[in-house]
Amino acid sequence: MSDDPRDEIVKHLPAMRAFALSLTRNSALADDMVQDSLVKAWTKIHTFEPGTNMRAWLFTILRNTYYSNRRKAGREVSDADGLMTEGLSEKPAHDGRLQLADFRRAFAQLNDEQREALILVGASGFSYEEAADMCGVAVGTIKSRTNRARARLAQLMNLTEDEALEMTDSATMAVVSGNRSSAAG
């Protein structure tokens, strides 16, 4: 294995893209955000401490890029090129107890902090401590955001505690159920 931390960056690209897509809900914006984050990481690689969590470092850069872009977008004319309108289209739901389209609609209604906590802890498999560190908040805050987000998802999807969830997507299942081991792999 190489001693250069830049060699490790590429293995985290799929997870970074998935996280960016969950935040932006737009594949083109997600790709741009990942690219911007990689440029930042590459130019600041000297600040990365070898032996620490590269994935957490990259996700922190990606998260900060997302919030910087949101602040910037608030000062700009929105949807000039129709990207937002394009994102409003609804994909057809598939058969099953818990339809992915329903989940996406419910997930989109969560606030940014709750959505971020679920993606980091549920789908990406980070520990509460790692997620708290990436977000710059207390562990209890991440636990609270995750718990409230899961409760809100259940409410939006009209699920009761005794209903079994039948999912084919382990990452989505991990987000809804709180079973982080479902997200690994």
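Residues numbered from 1 in each chain as written. Predicted model: local features only at pLDDT ≥ 70, side-chain atom pairs only at ≥ 80, totals over all residues. Heavy atoms only, no water.

The chain appears in an unreviewed UniProt entry as RNA polymerase sigma-70 factor, ECF subfamily from Roseivivax sediminis. UniProt's Sequence similarities (unreviewed entry) comment on the chain is quoted here verbatim: "Belongs to the sigma-70 factor family. ECF subfamily." (UniProt positions renumbered as here; feature names shortened; annotations may be inferred.)

(A) Inspection of the overall build of the chain at higher detail. Secondary structure summary: the chain contains 10 helices and zero strands in total. Beginning at the N terminus, the succession of helices and strands in the chain can be written as α-α-α-α-α-α-α-α-α-α. Taking all 185 residues of the chain together, 35% fall into the buried category. Counting only contacts in the chain whose residues sit at least 6 apart along the sequence, the fraction spanning at least 24 positions is 64%. (Helix = DSSP H or I, 4+ residues; strand = E, 2+ residues; numbered from the N terminus. Buried < 20%, exposed > 50% of the residue type's maximum accessible area, 1.4 Å probe, protein only. Contact = heavy atoms within 4.5 Å.)

(B) Up close: the environment of N111. Residue position: N111 is located in the loop between α6 (100-109) and α7 (112-123). Within the structure, the side chain of N111 is placed 3.1 Å from the backbone nitrogen of E113, a separation counted as a polar contact. Of the polar contacts made by the side chain of N111, one reaches the backbone nitrogen of Q114; its length is 2.8 Å. (Polar contact = N/O pair within 3.5 Å; in protein donor to acceptor, adjacent residues only side chain to side chain.)

(C) Just unusual backbone geometry, in detail. Even without being a glycine, R25 presents a positive backbone phi close to 60°. Relative accessible area serves as the criterion here: at 43%, R25 is assigned to the partly exposed category.

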